[in-house]
Amino acid sequence: SSDLLYVFNIFDIVAQKYLDKSSVVQLCHRFGLNYVPVFQNKFVLSHTVDELLALAEGKCQLADVEREGLVFVSDLPTRVSFKCISNKFLLGEKE
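Residues numbered from 1 in each chain as written. Predicted model: local features only at pLDDT ≥ 70, side-chain atom pairs only at ≥ 80, totals over all residues. Heavy atoms only, no water.

## Comments concerning the environment of tyrosine 18
Okay, so step 1: One can find tyrosine 18 in strand S3 (residues 17-18).
Okay, so step 2: In sequence terms tyrosine 18 and arginine 79 are 61 residues apart; their C-alpha atoms lie 8.3 Å from each other.
Okay, so step 3: Setting aside its immediate chain neighbours within four residues, tyrosine 18 contacts Asn9, Ile10, Phe11 and Arg79. (Helix = DSSP H or I, 4+ residues; strand = E, 2+ residues; numbered from the N terminus. Contact = heavy atoms within 4.5 Å.)

Spelled out as structure tokens, the structure:
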């Protein structure tokens, strides 16, 4: 599989909905695609914005660079997702 492409979501255009996480992981495995690294499988969102921004900072798991941030996606029937972008990444800072 290529290290250039990492999948985190698949949208079914016929059904007009996103596939659940387990289906995405299965499809990635079947077709030899990379699924994005998972920060934490179970996450309770009880953090302040400042705490989330601090979590977003750090080294990327895929390369020796500052990571762009973290994407949070629920596996609930009602899909909720958001991205917390690292301020260090935005400012181009190196560790």
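## Quick notes on the pattern of salt bridges
Okay, so step 1: A complete count under the given rule lists two salt bridges for this structure.
Okay, so step 2: Among the ionic pairs, lysine 59 bridges to aspartate 64, the shortest N-O distance being 3.7 Å.
Okay, so step 3: On the basis of relative accessible area, aspartate 64 is assigned to the exposed category, the value being 66%.
Okay, so step 4: In this structure, lysine 83 engages glutamate 68 in a salt bridge whose closest nitrogen and oxygen atoms are separated by 2.5 Å. Of this pair, lysine 83 sits in strand S6 (residues 81-85) while glutamate 68 sits in the loop between helix H2 (49-56) and strand S5 (69-73); the two residues are 15 residues apart in sequence, bridging distant segments of the chain.
Okay, so step 5: Accessibility expressed as a relative area gives 42% for lysine 83, which makes it partly exposed. (Salt bridge = Lys/Arg side-chain N within 4 Å of Asp/Glu carboxyl O. Buried < 20%, exposed > 50% of the residue type's maximum accessible area, 1.4 Å probe, protein only.)

## Digging into unusual backbone geometry
Okay, so step 1: A positive phi angle, near 60°, is found at glutamine 16, a position not held by glycine.
Okay, so step 2: Of note, glutamine 16 is situated in the loop between strand S2 (11-12) and S3.

## Here we look at the environment of histidine 47
Okay, so step 1: Checked against the element boundaries, histidine 47 lands in the loop between strand S4 (34-35) and H2.
Okay, so step 2: For histidine 47, a relative accessible area of 31% corresponds to the partly exposed category.
Okay, so step 3: In this structure the C-alpha to C-alpha distance between histidine 47 and tyrosine 18, which are 29 residues apart in sequence, comes to 26 Å.
Okay, so step 4: Once residues within four sequence positions are removed from consideration, histidine 47 is found in contact with Leu52 and Leu55.

## Comments concerning the side chain of glutamate 66
Okay, so step 1: By the secondary structure assignment, glutamate 66 is in the loop between H2 and S5.
Okay, so step 2: Lysine 88 provides the closest opposite charge to the buried, salt-bridge-free glutamate 66, at an N-O distance of 5.1 Å.
Okay, so step 3: A distance of 2.9 Å separates a polar side-chain atom of glutamate 66 from the backbone nitrogen of glycine 58. (Lys, Arg positive; Asp, Glu negative; His and termini not counted. Polar contact = N/O pair within 3.5 Å; in protein donor to acceptor, adjacent residues only side chain to side chain.)

## Details of the confidence of the model for the protein chain
Okay, so step 1: In the predicted model, the protein chain carries a mean pLDDT of 84, and the fraction of residues at 70 or more is 92%.
Okay, so step 2: Ranking the elements of the protein chain by mean pLDDT puts S5 last with 83 and S2 first with 94. (pLDDT = per-residue confidence, 0-100.)

## As for a nonpolar patch on the surface
Okay, so step 1: The grouping of Phe11, Ile13, Val14 and Tyr18 at the surface amounts to a nonpolar patch, some 450 Å² of accessible area in total.
Okay, so step 2: Looking at the element boundaries, phenylalanine 11 is found in strand S2. (Patch = residues over 30% accessible without salt bridge, like charges linked within 9 Å, V, L, I, M, F, W, Y side chains within 5 Å. Areas by Shrake-Rupley, 256 points an atom, 1.4 Å probe, with all protein chains shown as cover.)

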